[in-house]
2 protein chains.
Amino acid sequence: MPRTRPALPATGPVRLGPDSRAALRPAAVGIDTGFWQARRASNAHVSIPQGPALLEAAGNLHNLRLAAGTAVGEFQGAYPFVDTDVYKWLEAAAWQLAQASDGDLASDADPASDADPASDADPASEADPAPDGDPAPDADLAAEVGRIVALVAGAQQPDGYLNTWFQLVKGGERYKDLRWGHELYCAGHLIQAAVAHHRATGSGELLDVARKFADHVDSVFGPPGSGKPIDGIDGHPEVETALIELYRETGERRYLDLAAYFVDRYGHGLLGGEAYCQDRVPLREATNVEGHAVRQLYLLAAAADLATETGDAELRTAAERLWHAMTTTKTHLTGGLGAHHEEEDFGDPYELPNERAYCETCAAIASIQWSWRMALLTGEARYSDLIERTLFNGFLAGVSLDGERWLYVNPLQVRDGHTDSGGDQSARRTRWFRCACCPPNVMRLLASLEHYLASSDDNGLQIHQYVSGRYASDLAVIRSETDYPWQGTIALTVEETPAEPWTLSLRIPQWCREFRVRCGQETYEGPVADGWLRLERTWSPGDQVVLELSLEPRLTAADPRVDAVRGCVAIERGPLVYCLEGVDHPSGGLDDIVVDTTRPLAVKHRPDLLGGVTTVVAAGSRRHLPEAGWWPYAPADESPDSPQQDGEPVELTAVPYYAWANREDGSMRVWLPTS
Amino acid sequence: MPRTRPALPATGPVRLGPDSRAALRPAAVGIDTGFWQARRASNAHVSIPQGPALLEAAGNLHNLRLAAGTAVGEFQGAYPFVDTDVYKWLEAAAWQLAQASDGDLASDADPASDADPASDADPASEADPAPDGDPAPDADLAAEVGRIVALVAGAQQPDGYLNTWFQLVKGGERYKDLRWGHELYCAGHLIQAAVAHHRATGSGELLDVARKFADHVDSVFGPPGSGKPIDGIDGHPEVETALIELYRETGERRYLDLAAYFVDRYGHGLLGGEAYCQDRVPLREATNVEGHAVRQLYLLAAAADLATETGDAELRTAAERLWHAMTTTKTHLTGGLGAHHEEEDFGDPYELPNERAYCETCAAIASIQWSWRMALLTGEARYSDLIERTLFNGFLAGVSLDGERWLYVNPLQVRDGHTDSGGDQSARRTRWFRCACCPPNVMRLLASLEHYLASSDDNGLQIHQYVSGRYASDLAVIRSETDYPWQGTIALTVEETPAEPWTLSLRIPQWCREFRVRCGQETYEGPVADGWLRLERTWSPGDQVVLELSLEPRLTAADPRVDAVRGCVAIERGPLVYCLEGVDHPSGGLDDIVVDTTRPLAVKHRPDLLGGVTTVVAAGSRRHLPEAGWWPYAPADESPDSPQQDGEPVELTAVPYYAWANREDGSMRVWLPTS
C-alpha cells in the first residue's frame, strides 16, 4: 500500500545533530515478520512485561520509593548502580511503545506474530506467550512506564542529583568515589531513558528529570579553571554518549561540551591510571582496546559521536584505529568481546579463550552501539558486518528463546562434566542477576533494533541488515521479503520513489563468498566497494531487486596466533556461527569429538527445533583414547592423539550458537578439533 | 667420614604417629651442594632474613602489638588472615634454624655455598648475598624468631583465641563468619609454626600458645550432641593437617579426633554448599578435585594424614581417586594447579589454559604436601614423581633466583604486548603481595625441603628425589653426588650400613625413558615396580651405586582433550619443563613462532646464564602472516596458517621454566605450535 510519504518511526537511539559530519543518517525500518520479529515478540511479550515485577522483587523500585520518602526500609541491592536497571528497562519500554505507535511501516503483518508457525511444536517455543493475534498490551505498558517515571522523578533531589545508593547508604558522600561510585554512569542511563521516552511518547516528564540531573552534573564537573568544583570522570564511561544524545535532543550545546570534556579526561590518571577504568592512556594515543570491555566500548561510542558532531579528525582516527585493532586481535568469532572473567577485561591480543571467554552480553551491545556510530560516521560497511555478526551470535545468545532467562557471559565452550558455581557469571541461563545490567540492556536493544538496520544520505538508501518489512528514508520506501538468515534470498520492491535517480546500496556481508543481484533484466555479481553494492538508477514503484547471498555452510579457521583454537574449525552459515550441543550427541560427550573436514557439510531445516532453525550436519568421529595413566602428557612421538579414521564415526549436528542452552544445561562447543 | 650413627636432622613437617599405617617413614637428608642448595641459599640468606622487615612494613607485626596492647593505631592489612604471613615465616625460620643445627649430614661442604661458582658472572646471581664462606646468621635469626614468638604470645587472648583481625576490627564476632573469617585457618598455620619451632629448637614457647588455641578450638567446635557450642568448619581448610601434626607432636588424641571431625563435616552445606569452600560434596563421595585449589589440596593433605593415622580405608581410597583424577585431568605440565583466576578454582577437566593458568604458588606447595603424605601412606613412587615435577617447575617459578621477588600465579604463557594491571595476580614478579600467602609458604617449603626427599621402611631406604648430600635412615647412610638435574648421573656411596641385607630403592622418574644402574660389577635397566628400582643385598661401606638417567631433551604433547595446547609441543629435559622467553628471541616476539619437530634438539650448558642453566636449542621458524584484513577468521581452505617451511628460520632457545622472568618482564611460552 504505497503512500506519498512514509510514516517514519520515531527517531531511535542515535539522532544526528544539525552540524553532524556523519556520512550517513539513520533511516527507518519496520520489521514485520521473520527472524528478528520472532525475537522481538519474546522481548515485547515476555521480557519487557516481566521487568517491573523483577525490578520490584530485586528492590530497585523500593529504593526509589525510599529515596522519595514514600516507603520505609533498607536499601536493596549490592551495587551503587542498581538504579540503572530501572533506567534501561524504561528505555526498552519506551522504544517498545514507539514501535507500537508506528505500525505503518510494518502494517502487512501482526507485529506480534512469530514468523514460523511450525515452531509451536518445539518445547522452547511452547513457553513463548506471544500467540498469533494477541496484541501487545501497549496501554498496560504505557501505564507501567508512567508509574515508574513518577517513581524516578520522586526520588530526585531538589538540586537534580539522583542515585539511591548514595542518597540512602552513603549520604553526603557524593562524587567522593568516582572510581567506583557510578554516579555519572547512572546519570547516563537516566538520560538515555529520558531521551527515548521523549522520542517515543513526546512526554517531557522524564526528560525534565534527566536535564535537571545533567545540569547538576554540568554545574559540578569541569576542567581546572572552569570554576566547577570537580575535575573528574566516572569510573564507568556511559554518561558521555548520553550527554551527546541529550544535546541532539535538546539542542543544548553545553551537554556536548561536557561530554567532550569527559572523553578527553580519561587516560590522565584522574582515576588512578588503571586500564580497568580506561584511565591508563588517552584514547587519542591508545593502540588497542584494553581494560574493562564495556567501559572501553561505551567510551569509544562516545568518541565516535563526538567525532561525528565536532569533526574531530584525531578522535575519528583513534576510533578507527582501535576498532581495527579490536576486530583483528580481540574479537571472538561470535563478535563477543572480553577475554577475562577477572576485571571483565579485554585481555591480550589474540588471547581468545573458549571456556573462559567472558563475552559479556553488555559488551556485545556496546560494540553494536559503537559500530553503528562508526558506520554512520564513515559510511563503511564493515562496521555493519560486525554488527550483523554480533547481533546474530554474541548478542542474541544472551537471552533465551522464550525471553525469560539470560546469560551474562557467553562462553564458546562448555565442557563435558562442567561444574558451575552459579552466580551472575555462570555458563547456565539465569532468571535474573545480582548485577542485572545485561537483561534490560538486551531489552532496549531488541526494542530499538529497527534503528540499526538502514541509513540514507543525499544519494539514496543503504540497507545494512536484511529483515522482512519496510526500509524508508525521506526519499523512498522499499518493501523487503526474506527468510534470512535461513534463506539467502532477499526480495526488495520499490514502493515509493522520487522521479529522480538515486542509489540503493546493499551491504554484501563480509562472510559472503558468492552472491548475485537481479535487478529487472540485469544481474550483478559486483562490484563491491567498501562493502557496498551500489545500484544507481531511476526507480519506479514496483521495481524489484532480488539479492541472493549464498548460504553454503562453511568451515572457518582462525588466525594462527589465536592459540586457543589451533587445529580447530568452526561451522558457520551465512551470518550464523554454529555450535555442537551435548544434547544432540547423546552417544557421548563433546570433549573427544573430531570433525572430518574432508566430508561435505549438509544443511537441514528443522522447523520443530529451537523455534525453527537450520542445522548443519558434519561427519566426525570420536577418538579412541587409550586407557590413561596418571599423567596426561607424553613424548610427542608417543602421543595418544590417534588419527581420526581410527575413531568411531559420529554424525555431528550443529545448531546456531544463539540458540544454545535452550534445552538443557549440557556441554557445548563452537570450535571443533580437526585431528 | 663415616660415623656409627648419623646425626639425623630434627623431624620435619610430617612425623608419623605411633599407630600410623604408613608404608614409609620420612628419612633424613642433608643437602650440601648442587641445584637445591643454591636455591636454599637464596632462601636462607635473602628471603627469610628479609621477612621481618617486610612483615613490619605490611603491618602484620604491628597488628600483633596492637592486639597485645603494646602499641596504638589501626589494624593494617586487607584480610582476616594476615597473621598467617607471620606464622608461615616463623615456620620457615624454624626449619632454617633446624638445618643450621644439624649440619652433620651436609658436613662436606659449606651449607651456604652455591654449587656453581661460575654463576657469579650472571646478573641474577650478583644479587645473591650468599658468598662462599659467609655463615648463615643463625644467631640473628634465632633472635628474630624469639622476638616474633613473643609478639604472637603477647597477642593471644586469655582463653587461647588469637586472630588480630577479629580482636581489633571485629571485636565480639568470633566464629560468626566461618565461611570467610579464616579463624581456624589462622589457628592451623600457628600450630604448624609451633610444631616446627618445637621440633627445630626444642622450645615449648610457641607450642604452648598453639596448644592453648587448639584447646580453645576443641572446646568450641564439635558435632551435634557433643556439647560443644558450634558445629562448624572453616571456609579455608588448613587447621586439619595442623591438628594432626599437633597430635603427632604431643600425643594428644583429641587433636586427631577434632581434625577427623572437621574433615568429615566438609561437603554437607555447613558453609552454604559451595565448591569454593569444599562444601559441595564430601570427600568420600567426590569424583574429582574442585573449587578453590589450595583449599581442596590442604583438605586432601589432611585426609591422607587421617587415613595414615586411623587406617580409614574409605578416606584413603577417596584420596587416591582424587589424586588420580587431578593428575589426569586438572594438572598443568608444570605441576601447577588451578585453571581459573576467578575464585582460584580448579576449573573443568582438561581445562588447562596457558595465559590464564592460575597455578598459584601456594597450590603447588599444597600439592607437594598432599603428595608426600600419599607417598608415605602408599609407598608408591608416582606421588614423588609429581612432587619432583612440581618442585622443579610450578613451585620453583614462584620465587626469583635472587629470592627477592615472587609470583603468586604462574602462567604458562605471556603474550607479546602483554599488558598487566599489576596486583597480586600479575604475571610480573612482585616484591610482596597484598595477600602475601605465597612468599612465606615458599620459604617454609625450601627451608624444610630435605624432609620430602627420602624415606625408610623396615626393609631399607627409598630415595625419592636426587640431591647432593647424604640420605640417612636409622639403618644406613648413603652419600650422594650429582649435578642433577643438569647431569643425569647420581653417584651413591654407602657410608654406613648394618651387616644384614637391606633394600636400597631408587625412584625411576616417570619422565625417564632410559636409565641404567651400575652396582659393583652389575648393571640393571629394570625391573621397575611401582616406580621403584629395588636393590636388595648385603651392603658394605664404600659400595657404590651409580644411577644414570638419560636426559635426552624431548618434545612433549598433551592428551588431545587439553584443548589449550592442541597442535603444540613442550620442550622438556629430565624433570625440567622449558620455555621460550622473548628476551632470548630479539628478532621478534613469540606469538608467531613455530617449532620444527623433525629437527633434533641440542643441549647447551650455560654457566653464565640464570645462575647456570642447561638450555635446549630447537629449530623453528617465524610464520609469514599475510597483511590482515579486519577480521581474523577465514574459510579454513583459505587459512593464513602457512606451512612452517615458508617462514623465516629462527633458532629457538629454551630455558628452564623455573628461571623465567628473571631478566625482563617480557613474553614467554611453554607450549610451542608445531605448524
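Residues numbered from 1 in each chain as written. Chains lettered and ligands numbered in written order. Predicted model: local features only at pLDDT ≥ 70, side-chain atom pairs only at ≥ 80, totals over all residues. Heavy atoms only, no water.

**Some details on the overall build of chain A**
Keep this limit in mind: Strands are runs of DSSP state E lasting at least two residues, helices are runs of H or I lasting at least four, and both sets are numbered from the N terminus onward. Here's how the labels work: a residue is buried when its accessible area is under 20% of the maximum for its type, exposed when over 50%, partly exposed in between, all with a 1.4 Å probe on protein chains only. Here, two residues are considered to be in contact whenever any of their heavy atoms come within 4.5 Å of each other. We get accessible surface area from the Shrake-Rupley algorithm with a probe of 1.4 Å; when it comes to residues, only the shown protein chains can shield them. Lys and Arg are tallied as positive, Asp and Glu as negative. Neither His nor the chain termini are counted. To locate a charge, take atom NZ for lysine, CZ for arginine, CG for aspartate or CD for glutamate.
When you go through chain A residue by residue, the secondary structure sums to 16 helices and 23 strands. Once the C-alpha set of chain A is aligned to its principal axes, its extents read approximately 75 × 70 × 50 Å. Evaluated residue by residue, chain A yields a buried proportion of 65% over its 675 residues. Within chain A, contacts between residues at least 6 apart in sequence are counted, and of these 72% link residues at least 24 apart. Carbon together with sulfur atoms contributes 48% to the accessible area of chain A, which is approximately 21400 Å² in total. Distance between charge centres in chain A, computed from 58 positive and 99 negative side chains, equals 3 Å.

**Remarks on the relation of the copies chain A and chain B**
Counted only if it meets this: Copies are brought into register by a least-squares superposition over C-alpha atoms of residues with pLDDT of at least 70 in both.
Expressed as a screw transformation, the operator carrying chain A onto chain B has a rotation angle of 180° and an axial translation of 0.0 Å, and the superposed copies differ by an RMSD of 0.0 Å. In the structure described here, the two chain copies are related by an operation that fits a two-fold rotation axis. The C-alpha atom lying nearest the rotation axis in chain A is that of Ala-564 of chain A; the distance is 2.6 Å. The share of interface residues of chain A whose copies in chain B are also at the interface is 98%, consistent with both copies meeting through the same surface.

**Quick word on the interface of chain A and chain B**
This is how it is decided: Reported buried area values correspond to the accessible surface (1.4 Å probe) lost by two parts on association, with both partners' losses combined. By definition, a salt bridge exists where a carboxyl oxygen of Asp or Glu is found within 4 Å of a side-chain nitrogen of Lys or Arg. In this classification, Asp, Glu, Lys and Arg are treated as charged, Ala, Val, Leu, Ile, Met, Phe, Trp, Tyr, Cys and Pro as nonpolar, and every other residue, Gly included, as polar. The pairing criterion for strands is at least two bridges between them, as found by DSSP.
On the chain B side, the residues contacting the 65 residues of chain A number 64 residues. Buried surface at the junction of chain A and chain B, summed over both partners, amounts to about 5700 Å²; 55% is from carbon and sulfur atoms. The interface formed by chain A and chain B includes six salt bridges. Between Arg-669 of chain B and Asp-563 of chain A there is a salt bridge, and its shortest N-O distance comes to 2.8 Å. Going through the elements one at a time, α13 (313-329), α15 (382-395), β14 (554-558), β15 (568-573), β20 (633-635) and β23 (671-673) of chain A are the ones with two or more residues in the side of chain A that touches chain B. In terms of residue class, the side of chain A that touches chain B is made up of 25 nonpolar, 18 polar and 22 charged. In the sheet, β14 of chain A pairs with strand β20 (residues 633-635) of chain B via three bridges, with the strands oriented antiparallel. Counterpart to Thr-556 of chain A in the pairing with β20 of chain B is Pro-635 of chain B.

**Some remarks on the packing of aromatic side chains**
Put simply, the test is: Pairing of aromatic side chains requires ring centres within 6.5 Å, counting the rings of Phe and Tyr and the six-membered ring of Trp. Pairs whose planes differ by under 30 degrees are stacked, by over 60 edge-to-face, and all others tilted. By definition here, charges over rings are those cases where NZ of Lys or CZ of Arg is within 6 Å of the ring centre and within 35 degrees of the ring normal.
With the rule as written, the count across this model stands at 53 aromatic pairs over all chains. Judged by centre distance (6.1 Å) and plane angle (80°), the rings of Phe-392 of chain B and Tyr-484 of chain B are edge-to-face. Of this pair, Phe-392 of chain B sits in helix α15 (residues 382-395) while Tyr-484 of chain B sits in the loop between β7 (477-482) and β8 (489-496), and the two are 92 residues apart along the sequence. Note on Phe-392 of chain B: relative accessible area 3%, which makes it buried. Overall, the relative accessible area of 3% leaves Tyr-484 of chain B in the buried class. Of note, Arg-174 of chain A hangs over the ring of Tyr-161 of chain A, and the distance from its end group to the ring centre comes to 4.0 Å. The ring of Trp-539 of chain A carries Arg-537 of chain A above its face, with NZ or CZ at 5.4 Å from the centroid.

**Remarks on the pairing of strand β2 (residues 28-33) of chain A**
Successive side chains on a regular strand alternate, one facing one side of the sheet and the next facing the other. Residues and elements named next belong to chain A. When you tally the buried positions in β2, you get five out of six residues, the bulk of the element. Pairing geometry for β2 and strand β6 (residues 468-472), over five bridges, is antiparallel. Paired with Val-29 across the two strands is Tyr-471, which belongs to β6.

**Observations regarding the side chain of Gln-278 of chain B**
All names here are of chain B. Put simply, the rule is: Distance and chemistry together define a polar contact, namely a pair of N or O atoms within 3.5 Å, with one atom able to donate a hydrogen and the other to accept it when in protein, and with adjacent residues in sequence counting only for side-chain atoms on both sides.
Mapped onto the elements of the fold, Gln-278 is located in the loop between α11 (253-265) and α12 (293-310). In this structure the side chain of Gln-278 is engaged in a polar contact, spanning 3.3 Å, whose partner is the side chain of Gln-296. Ignoring any residue separated from it by four or fewer positions in sequence, one finds Gln-278 in contact with Pro-237, Tyr-266, Gly-267, Glu-290, Gly-291, His-292, Arg-295, Gln-296 and Leu-299.

**Observations regarding the confidence of the model for chain A**
Residue and element names in this part refer to chain A. Note the following rule: In predicted models, pLDDT denotes the confidence assigned by the predictor to each residue on a 0 to 100 scale.
The pLDDT averaged across chain A works out to 92; a share of 92% of its residues lies at or above 70. Taken together, the stretch residues 108-135 has pLDDT below 50 and engages in 55 contacts with residues farther than four places along the chain or on a different chain. The ipTM, which scores confidence in the relative placement of chains, is 0.91 for this predicted complex, and the corresponding pTM is 0.92.

**Structural notes on empty space enclosed by the protein**
In plain terms, the rule: Definitions used throughout: a 1 Å grid over protein atoms alone; a cavity as a set of points that fits a 1.4 Å probe which cannot get out; a pocket as an open set with protein on both sides within 12 Å along at least five of seven lines; a lining residue as one with an atom within 4 Å of a point. Grid points are joined across faces, edges and corners, and a volume is the space filled by probe spheres set on the points.
Scanning all chains against the criterion turns up 18 cavities of 30 Å³ or more. Lining the largest cavity are 26 residues, and of these Pro-353 and Arg-356 of chain A together with Pro-353, Glu-355 and Arg-356 of chain B lie nearest its centre. Residue composition of the lining of the largest cavity, grouped by class: eight nonpolar, six polar and twelve charged. Its volume calculated, the second largest cavity comes out at about 130 Å³.

**Remarks on the packing of helix α8 (residues 183-201) of chain A against helix α9 (residues 205-220) of chain A**
Helix-helix packing is characterised by the crossing angle of the two axes and by the distance between the axes. Residue and element names in this part refer to chain A. The cut-off we apply is this: The axes used here are C-alpha line fits, helices contributing only the stretch in contact, and every angle between their N-to-C directions lies in the interval 0 to 180 degrees. What makes a crossing left-handed is the near helix being turned counterclockwise from the far one by less than a right angle; a clockwise turn instead makes it right-handed.
The interhelical angle for the contact between α8 and α9, taken along N-to-C directions, is 145°, at an axis separation of 8 Å. Where α8 crosses over α9, the handedness of that crossing is left-handed. Contact residues: Glu-183, Leu-184, Ala-187, Leu-190, Ile-191, Ala-193, Ala-194, Val-195, His-197 and His-198 in α8; Leu-206, Leu-207, Val-209, Ala-210, Phe-213, Ala-214 and Val-217 in α9. Residue classes in the contact of α8 with α9 are distributed as 14 nonpolar, two polar and one charged.

**Thoughts on the sheet that holds β7 of chain B**
Residues and elements named next belong to chain B. Pairing within the open sheet is antiparallel, and its seven strands lie in the order β2-β6-β7-β8-β13-β10-β11. The open sheet is flanked by β2 (28-33) and β11 (522-524), the only strands paired with a single partner. Shown here is a sheet whose adjacent strand axes are inclined to one another by a mean of 20°, direction ignored. In this sheet, strand β13 (residues 544-549) lies alongside β8 in antiparallel orientation, the contact comprising five bridges. Following the sheet pairing, Leu-492 is matched in β13 by Val-545.

**Some points on unusual backbone geometry**
Residues and elements named next belong to chain A. In this model, Tyr-484 is joined to Pro-485 through a cis peptide bond whose omega is 10°. Positive phi values are uncommon outside glycine, yet Tyr-350 reaches one of about 65°. Mapping Tyr-350 onto the fold places it in the loop between α13 and α14 (361-378).

**Quick word on the environment of Leu-551 of chain B**
All names here are of chain B. Tracing the chain through its elements places Leu-551 in the loop between β13 and β14 (554-558). In this structure the C-alpha to C-alpha distance between Leu-551 and Pro-485, which are 66 residues apart in sequence, comes to 8.4 Å. When sequence neighbours within four positions are dropped, the list of residues in contact with Leu-551 reads Pro-485, Trp-486, Gln-487, Gly-488, Trp-511, Arg-573 and Gly-574.

**Remarks on the pattern of salt bridges**
Residue and element names in this part refer to chain A. One pass over the structure, following the stated rule, counts 93 salt bridges over all chains. We note a salt bridge from Arg-254 to Glu-252, for which the minimum N-O separation is 3.5 Å. Given the relative accessible area of 32%, Arg-254 is considered partly exposed. Across the pair Glu-355 and Arg-415 runs a salt bridge whose closest N-O atoms are separated by 2.8 Å. Here Glu-355 is found in the loop between α13 and α14, whereas its partner Arg-415 is found in the loop between β3 (413-414) and α16 (438-447), with 60 residues between them in sequence. The exposure class assigned to Arg-415 is buried, which follows from its relative accessible area of 1%. Here the residues in one salt-bridge network are Arg-15, Arg-199, Glu-245, Arg-248, Glu-249, Asp-305, Glu-309 and Arg-373, joined through shared partners.

**With respect to the sheet that holds strand β8 (residues 489-496) of chain A**
All names here are of chain A. Ordered by their spatial adjacency, seven strands build an open sheet running β2-β6-β7-β8-β13-β10-β11, and the pairing between neighbours is antiparallel. The open sheet has two edge strands with one neighbour each: β2 and β11 (522-524). Pairwise comparison of adjacent strand axes, ignoring direction, gives a mean angle of 20° for this sheet. Pairing analysis gives six bridges linking strand β7 (residues 477-482) to β8, with the strands arranged antiparallel. Bridge pairing in β8 places Glu-481 opposite Ala-491.

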